[in-house]
Every structure is written in structure tokens, then in C-alpha cells.
Amino acid sequence: MSLLGTVGFGEGHGCKLLLQTHDKMGNACRTGGARVECDCTQGDVESEPTDNEDGTYSLVWRSEQSGT
């Protein structure tokens, strides 16, 4: 899997991923509130998870440099 995005820290920039959470039985969650974190080992990358309150989370990574 590869993520593609636009370089920069502004709104609409970055690599984005929609994460669907599931319970222990594999059923898709329909409410938010889970403890979701996203991170990057590169020091110049900002990461941000957003709870969409429907069992999905929008994960975004932003940087001023392109790379893998």
C-alpha cells in the first residue's frame, strides 16, 4: 500500500488515510471514541488523527518535503 499526497502543512495538504475500526468479532464500529494515534519516525512530519464519530478516523501526515 502506498499513500500519495501534496507537500505542505496547509489545509488540503498531506497524505490521508481513512481507518475503519472493528470490534473483537470483526464487526465495523459505528461510533467514535476509540483511542487512535498516528505517528511518523521522521522528525519533520506532523501527524493528526480525527475522530469522525462514526467508527472511522481520518489520519493525516504533513511535511514540507516529499519522500517515502
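Refer to the structure above for everything that follows.
One structure accompanies this document, and this report is about it. These numbers come from a predicted model, not from an experiment. (Residues numbered from 1 in each chain as written. Predicted model: local features only at pLDDT ≥ 70, side-chain atom pairs only at ≥ 80, totals over all residues. Heavy atoms only, no water.)

## Quick notes on the overall build of the chain
Thought 1: Within the chain, the secondary structure is distributed over zero helices and four strands.
Thought 2: Start at the N end of the chain and walk to the C end: the helices and strands fall as β-β-β-β.
Thought 3: Principal axes of the C-alpha set define a box for the chain whose edges measure 40 × 20 × 20 Å.
Thought 4: When burial is assessed residue by residue, the chain has 19% of its 68 residues classed as buried.
Thought 5: Taking all contacts inside the chain whose residues are at least 6 apart in sequence as the whole, residues at least 24 apart take part in 42%.
Thought 6: Roughly 5,200 Å² of accessible area belongs to the chain as shown, and the carbon and sulfur atoms make up 49% of that amount.
Thought 7: Side-chain charges of the chain comprise 5 positive and 11 negative groups, with the mean position of each set lying 7 Å from the other. (Helix = DSSP H or I, 4+ residues; strand = E, 2+ residues; numbered from the N terminus. Buried < 20%, exposed > 50% of the residue type's maximum accessible area, 1.4 Å probe, protein only. Contact = heavy atoms within 4.5 Å. Areas by Shrake-Rupley, 256 points an atom, 1.4 Å probe, with all protein chains shown as cover. Lys, Arg positive; Asp, Glu negative; His and termini not counted. Charge placed at Lys NZ, Arg CZ, Asp CG, Glu CD.)

## Structural notes on the side chain of Ser-63
Thought 1: Topologically, Ser-63 is positioned in strand S4 (residues 56-63).
Thought 2: Under the relative-accessibility criterion, Ser-63 is labelled buried at 12%.
Thought 3: A polar side-chain atom of Ser-63 sits 3.3 Å from the main-chain carbonyl oxygen of Asp-44.
Thought 4: Those residues in contact with Ser-63, other than ones at most four positions away along the chain, are Val-7, Gly-8, Phe-9, Asp-44 and Val-45. (Polar contact = N/O pair within 3.5 Å; in protein donor to acceptor, adjacent residues only side chain to side chain.)

## Let's talk about the pattern of salt bridges
Thought 1: Using the criterion set out here, one finds two salt bridges in the structure.
Thought 2: Put simply, Glu-37 and Arg-35 hold a salt bridge, and the shortest N to O gap is 2.9 Å.
Thought 3: Taking relative accessible area as the criterion, Arg-35 reaches 78% and is therefore assigned exposed.
Thought 4: Of the charged contacts in the structure, one is a salt bridge between Arg-62 and Glu-48, with a shortest N-O distance of 3.2 Å. Taken as a pair, Arg-62 in strand S4 and Glu-48 in strand S3 (residues 45-51) lie far apart in primary sequence, 14 residues in all.
Thought 5: Arg-62 sits in the buried class, given a relative accessible area of 12%.
Thought 6: Among the residues examined, Glu-48 registers a relative accessible area of 37% and is labelled partly exposed. (Salt bridge = Lys/Arg side-chain N within 4 Å of Asp/Glu carboxyl O.)

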